[in-house]
Amino acid sequence: MKSDNKNKIGATHRSSLSRIDKIHPVKMLLYLCLVGIGTIFLILLLAYARTEVAMLQEVQVRFPKFFSVSTVLILVSSYTLLRTHRFYRKDNLTKMARYLGISLALGFAFLLSQVGGWYELAKNGIVFKGKPYGSYLYLITALHALHVVAGIMFLIYMYFKSFFSSVDPIRTLVYIRDPFRKLQLGLLTTYWHFMGALWLTLYFVFLFLF
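Residues numbered from 1 in each chain as written. Predicted model: local features only at pLDDT ≥ 70, side-chain atom pairs only at ≥ 80, totals over all residues. Heavy atoms only, no water.

Trainee: Got a sec to walk through unusual backbone geometry? Specific residues and values, please.
Mentor: Working note: non-glycine residues mostly have negative phi, and peptide bonds are mostly trans. With a phi close to 60°, D91 is a non-glycine residue in the positive phi region. One can find D91 in the loop between α4 (65-89) and α5 (93-123). (Helix = DSSP H or I, 4+ residues; strand = E, 2+ residues; numbered from the N terminus.)

Printed below as a string of structure tokens:
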């Protein structure tokens, strides 16, 4: 009976290792990077929560409306980017490039809305070189925006690569049949969804503390 249990445990362990072995090294590297990024933001949020958050209520600071706009923009961009997988599977590179372009435009709009949010904070007297909570607000949101910029750079590359390939049938066929392109699209989508989920977390934390 014990030997059967050991065999089951051993088989489960081997199956888990086999699943890990099947993960592409680049994808595994991305997962490790996302864990590191999440840890950094968790530490910053904990530090932010321990600052003089109560002073926000004393000065009657309003929550930046542009941060709400940012939330809508990044959620919509995640949806449009997810749609690209559908067109990729259907070998429709033209629509795939179109939705990549829409996601790219929404990404730039997200950055602009972040600038609008910083302007609202400054207008309410919250500056970077002021109280600790103000410094953390700028630091956390700016650091997230910097990671979004990294995603946008990859998104620009994917957009132009798919756009120029879509104008020629042979290039389209080569692009669709290239497994590396599928991997790139998967990496981009995973990273972008993570940035969206991270911003959503930041948004609700800020909203609660305000």
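Next comes the rest of the write-up.
Trainee: If you had to explain the packing of α4 against α5 to someone new, which residues and values would you point to?
Mentor: Close contact between α4 and α5 brings their axes to 8 Å; oriented N to C, the two are set at 165°. The pairing of α4 with α5 is recorded here as roughly antiparallel in orientation. As α4 packs across α5, the resulting crossing turns out to be left-handed. When grouped by side-chain class, the residues that make up the contact of α4 with α5 number 18 nonpolar, nine polar and four charged. (Axes fitted to C-alpha atoms, helices over the stretch in contact; angles between N-to-C directions. Parallel < 35°, antiparallel > 145°, perpendicular 65-115°, else oblique. Left-handed = near helix turned anticlockwise from the far one by under 90°. Nonpolar A, V, L, I, M, F, W, Y, C, P; charged D, E, K, R; others polar.)

Trainee: Let's hear about the confidence of the model for the chain: which residues, and what values?
Mentor: Residues of the chain with pLDDT of at least 70 account for 84%, and the chain-wide mean is 85. Within the model, the stretch residues 6-11 combines pLDDT values under 50 with zero contacts to residues more than four positions away or in other chains. (pLDDT = per-residue confidence, 0-100. Contact = heavy atoms within 4.5 Å.)

Trainee: Summarise helix α7 (residues 169-177); cite the residues concerned and give the values.
Mentor: Listed in full, the buried residues belonging to α7 are T172, Y175 and I176. The arc that holds the buried residues of α7, viewed along the axis, is 95°, so those residues lie on one side. Turned more than 90 degrees from where α7 packs its buried face, I170, L173, V174 and R177 sit exposed. (Buried < 20%, exposed > 50% of the residue type's maximum accessible area, 1.4 Å probe, protein only. Arc of directions from axis to C-beta.)

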